[in-house]
Amino acid sequence: MPALTLERLLASIGYGSRKEARALVRMGLVEIDGKVLEDPFVEFAERPATITVNGEEVTTQEKLYVMLHKPTDVECSHNARDHQSVYSLLPDRFSAMGIQSVGRLDADSEGLLLLSNQGDFIHRVESPKKGLLKRYRVTLARPFTPEQEAELLKGVMLKGERREVLARAIERDGESVIISIGEGLYHQVRRMFAAVGNHVETLERISIGPVSLDESLGRGGWRFLTDEEIQSVS
Ligand code: URA
């Protein structure tokens, strides 16, 4: 393995090519523990935990596991056409490091979105085999009747799908309804409520398996997942 030089370290955490990273160092923009590093070829025996680039302290981990509180009117796409891209809510360097969302939330939906640059993690969380339940809080345009609830729990056929899908659990919480589902089909929750004659007005994902949306994150806020959270969905 080539030695971990400062320019390699910076490039590995999304600060451009090694040449671009070298330029940052030569401009005096890179510090560790308050000390400007001037030599882009200085070698590290181990990755330092953090480094300061252009006044911002950043972790140097190469593997990204992130939780974002997605707001509405934001698209889960790198090339968003009609709205702002969800990736614009994260540091640019994360895109350079290959971050992707784990599944998607519609532009009209908000709530918990997980993102990572580790394909195996994304695959495991998305895998139906893993069977992680996703919980969504919805508000509805019409009263939610016991018949609608029973139909959702029994299973409904959605247009274009081969199998019925069902609600694994339904809870009522004041004016809202919380539905748990196992799959992640396109517009699944909206289509399920439409199939029983209701209409979803607002939709917020509140958890994926054991990982819940961190209430301290405002809309558009993000944080790294804890090791415990990563383990719990992997
Ligand atoms: N179901 C939907 O209808 N929309 C989402 O964004 C997620 C699940």
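Residues numbered from 1 in each chain as written. Predicted model: local features only at pLDDT ≥ 70, side-chain atom pairs only at ≥ 80, totals over all residues. Heavy atoms only, no water.

With respect to the pattern of salt bridges
Evaluation of the coordinates by the stated rule reveals 12 salt bridges. The partner of Asp120 in a salt bridge is Arg124, with the nearest N and O atoms 3.8 Å apart. Separated by 4 residues within a single helix, Asp120 and Arg124 lie in helix α4 (residues 119–126), roughly one turn from each other. In this structure Asp120 comes out as partly exposed when scored by relative accessible area, which is 47%. Given the relative accessible area of 33%, Arg124 is considered partly exposed. Between Arg191 and Glu161 there is a salt bridge, with the nearest N and O atoms lying 3.1 Å from each other. (Salt bridge = Lys/Arg side-chain N within 4 Å of Asp/Glu carboxyl O. Helix = DSSP H or I, 4+ residues; strand = E, 2+ residues; numbered from the N terminus. Buried < 20%, exposed > 50% of the residue type's maximum accessible area, 1.4 Å probe, protein only.)

What about the site of the ligand?
Every residue close to the ligand is listed here: Leu105, Asp106, Ser109, Tyr136, His187, Gln188, Val189, Arg190 and Leu203. Take Val189: an N or O atom from its main chain is 3.1 Å from a nitrogen atom of the ligand. Arg190 is positioned such that a nitrogen or oxygen atom in its backbone is 3.0 Å from an oxygen atom of the ligand. Within the complex, 96% of the 230 Å² of free accessible area of the ligand lies under protein. Take the shell around the ligand: its biggest share by element is 3 residues, from helix α6 (residues 188–195). Class assignment for the residues of the shell around the ligand results in 4 nonpolar, 3 polar and 2 charged. Counting the residues that make up the shell around the ligand, at least three belong to each of domain 2 (65–128 + 213–233) and domain 3 (133–208). (Near = heavy atom within 4 Å. Polar contact = N/O pair within 3.5 Å; in protein donor to acceptor, adjacent residues only side chain to side chain. Areas by Shrake-Rupley, 256 points an atom, 1.4 Å probe, with all protein chains shown as cover. Nonpolar A, V, L, I, M, F, W, Y, C, P; charged D, E, K, R; others polar. Domains from an automatic or database assignment.)

What about the nonpolar core?
By size, the foremost hydrophobic cluster in this structure holds 49 residues, and its most contacted members are Leu6, Leu10, Ile51, Leu152, Ile179 and Phe193. When sequence neighbours within four positions are dropped, the list of residues in contact with Phe193 reads Val138, Leu140, Phe144, Leu152, Val177, Ile179, Asn198 and Val200. One finds Leu112, Leu114, Leu132 and Ile208 within the second-largest nonpolar core, a separate group that totals 16 residues. (Core = buried A, V, L, I, M, F, W, Y, C linked by side-chain atoms within 4.5 Å. Contact = heavy atoms within 4.5 Å.)

Read these as layout, nothing more, since geometry by itself doesn't imply function.
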